[in-house]
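Observations on the model geometry
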Amino acid sequence: MHRFSRRQFMATALASAVMTSCTQRQKSSQADGRSAAAATRIVALEWVYVEDLLALGLQPVGVTDIQGYNTFVDIEPKLAATVVDVGTRQEPSLEAIAQLEPDLIIGTQLRHDAIYDALSAISPTLLFNPYPDNSLTQLDEMQQTFRAIAQRVERQELGETVLRQMQAAFKTARDRLQLAKSANNGFILGQFNDATPQIRLFTNNAMAVQVLNQIGLKNAWNGQFDRFGFNTVGIEVLPTIEQANFLYIAPDHNTHLKQLQNHPVWQGLQFVQENRFYPIGADTWVFGGPKSVQVLVEKVATALIKR
């Protein structure tokens, strides 16, 4: 395998960027047309596209932040031990990517638009937008992008099978909740992390909320529209939504959650006093693809039915 030196790689990338800066900024769901063959050596710069490839029966050759992916994304099949880590999602290593000689790179407009030309100098590059404006829901965008990737790797039939499995999971969860009469009270979906004592509450434009709508649940949090689908709030907002079932995602032994549970406001909340406070696992990834969606609905249905 040919290895680029840093100087060779940067020179090549710069020259290509100059030539293509105005003509080949391919940032839609379409391939850039430089390779008609199905892609097989693929670098995924965002976890949702790692998941999409795995669902389509393909192990990527390179992935950003493999440790994080393995910590927060709970799907089958798992990422192979042979996959190469190519840096962080925000700042992937161009040299590491080039050394893998991929025939396709997949990333997001949000994180990778600024390095699109350099990525394209290495290989055909697709950048998607998982946070569209109101013309397309996040759930619809996820499915549209999954189909585009399936087409690019020539696995459309398998892609449609995966999406049908997702729809079947919706029906199964919806039927389970109806039978158990566990869809009352509405829900709020919260996420805790170790970086801040505040809580992410997911808004109606979030894919996770749209997924839970599909199984018959209604979001009780009517927060301000946010591009990413969540508001970051403090404990003071919780009394306004205390009638809802609180579904939450948090790392094990989360410090801020433990502190919150000792707060008198928290202890007085209706959903706390009535034990309607449901953990659904730190590895429930709410920004993923069809497989993560199936994990989410299964965990939520099981949590509500067991109450």
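Thresholds, definitions, all that
- Residues numbered from 1 in each chain as written.
- Predicted model: local features only at pLDDT ≥ 70, side-chain atom pairs only at ≥ 80, totals over all residues.
- Heavy atoms only, no water.
- Pairing = 2+ DSSP bridges.
- Helix = DSSP H or I, 4+ residues; strand = E, 2+ residues; numbered from the N terminus.
- pLDDT = per-residue confidence, 0-100.
- Contact = heavy atoms within 4.5 Å.
- Core = buried A, V, L, I, M, F, W, Y, C linked by side-chain atoms within 4.5 Å.
- Buried < 20%, exposed > 50% of the residue type's maximum accessible area, 1.4 Å probe, protein only.
- Expected span 1.5 Å × (residues − 1).

Bridging between strand β6 (residues 187–193) and strand β7 (residues 196–202) involves 3 bridges; their strand directions are antiparallel. Bridge pairing in β7 places G190 opposite L201. In sequence, β6 turns back onto β7 through a hairpin of 2 residues. Here β7 runs beside strand β8 (residues 230–233); their pairing, made up of 4 bridges, is antiparallel. Residue I199 lies in a different strand from β8, and its bridge partner there is V233.

Interpreting fine coordinate detail is not advised for predicted regions of low pLDDT. Residues at a pLDDT of 70 or more form 88% of the protein, whose mean pLDDT is 88. In the predicted structure, residues 1–35 sits below a pLDDT of 50 and forms 50 contacts with residues beyond four places in sequence or in another chain.

For the rest of this paragraph, the subject is the nonpolar core. What tends to happen in soluble globular proteins is that the nonpolar side chains get buried as a cluster. In terms of nonpolar packing, the biggest core is built from 65 residues, with L189, I215, L247 and V300 touching the most fellow members. Here the element with the most residues in this core is helix α13 (residues 290–305); it accounts for 8 residues. Excluding residues within four positions of it along the chain, V300 makes contact with L212, I215, L217, L247 and I280. Within the second largest apolar cluster, 20 residues are counted, among which are W221, I235, V237 and F271.

Here α13 spans 23 Å end to end across 16 residues, near enough to the 22 Å set by a 1.5 Å rise per residue. Buried within α13 are the following residues: P290, S292, V293, Q294, V295, L296, V297, V300, A301, T302, A303 and L304. Looking at the buried positions of α13, the neighbouring elements they touch are α2 (47–55), α7 (138–152), α8 (156–180), α9 (207–214), β9 (245–249) and β10 (277–279).

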